[in-house]
Amino acid sequence: MKPLAASIITPLLVFAVAPAFAIESPRIVPRMNEVQKPEAEVFATLKKYFTDSSLSNFQLVSADERTHTLVAKQALTDDLSWRNWAFCETGPVQMVYKFEDGTVTVTVKLEKTTRRSTLASVSADFQGRYGLGGNQNQVACTSKFVVEDSILAAAGAAPAK
């Protein structure tokens, strides 16, 4: 009877426990907050934020008024700012590599919740370039949500708690 129980329990454990190890958390997680302004006003505010160099260092890539979606990009060579914005997990060999530059591409999606309220969702894709001598490595990095929170604040959202 014991071999029969073991033959049933073992596969059950494997099928129950194995997926828990296979599930990986997503690298790009959107940050959302409500803005107490109409959707068109929030869209115009963020479009100005991404195009006015006195407000941000982003460059507007696209602005779709029909879907209320904005995409902007920023390149960064400052290692300290980059480390405040993103975490880049590298392999053991790349740990001695030096940060050369990075880009962050943000996507902002706006959704009308009421006549005077908008749900803003900001997601950021960080790509860092690290090098040592002639070797270079492109690394997909994880956000620390500093960029997303600053964009939401520029849109007029209350600070995240």
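It should be emphasised that the depicted structure is a prediction, and the values quoted were computed from it without experimental measurement.

Enquirer: Help me get a handle on the environment of valine 104, residues and values and all.
Expert: Checked against the element boundaries, valine 104 lands in strand β5 (residues 98–114). Sequence separation between valine 104 and leucine 76 is 28 residues, and the spatial gap between their C-alpha atoms is 8.1 Å. Those residues in contact with valine 104 that sit more than four places away from it in its chain are Phe58, Ala72, Lys73, Gln74, Trp85, Ala124, Asp125 and Phe126.

Enquirer: Talk me through the packing of helix α2 (residues 39–51) against helix α4 (residues 146–155); I want residue IDs and the actual numbers.
Expert: Across the interface, α2 lies against α4 with an axial gap of 9 Å and an inter-helix angle of 125°. Here α4 runs oblique to α2, going by the angle between their axes. As for the relative orientation of α2 and α4, their crossing is right-handed in sense. Across the interface between the two elements, Val42, Thr45, Leu46, Tyr49 and Phe50 from α2 touch Ser150, Ile151, Ala154 and Ala155 from α4. Residue composition of the contact of α2 with α4, by class: seven nonpolar, two polar and no charged.

Conventions we followed
- Every chain is numbered independently, its residues counted from 1 as its sequence is written.
- Where totals are concerned, whole chains, interfaces and linings use all residues; where local detail is concerned, this predicted model gives features only for residues with pLDDT of at least 70, and gives and counts side-chain atom pairs only at 80 or more.
- Side-chain numbers come from the whole structure's heavy atoms, not from hydrogens or water.
- Secondary structure is summarised from DSSP: a helix means a run of H or I of at least four residues, a strand means a run of E of at least two, and numbering begins at the N terminus for each.
- What makes two residues a contact is simply this: any of their non-hydrogen atoms within 4.5 Å.
- Throughout, an axis means a line fitted to C-alpha atoms (over the contacting stretch in the case of helices), and angles, computed between N-to-C directions, take values from 0 to 180 degrees.
- Note that the term roughly parallel is reserved for angles under 35 degrees, roughly antiparallel for angles over 145, roughly perpendicular for angles of 65 to 115, and oblique for everything else.
- Working rule for handedness: look at the near helix, and if it is turned counterclockwise from the far one by less than a right angle, call the crossing left-handed; if clockwise, right-handed.
- Gly counts as polar in this scheme, as do all residues outside two lists: the nonpolar Ala, Val, Leu, Ile, Met, Phe, Trp, Tyr, Cys and Pro, and the charged Asp, Glu, Lys and Arg.

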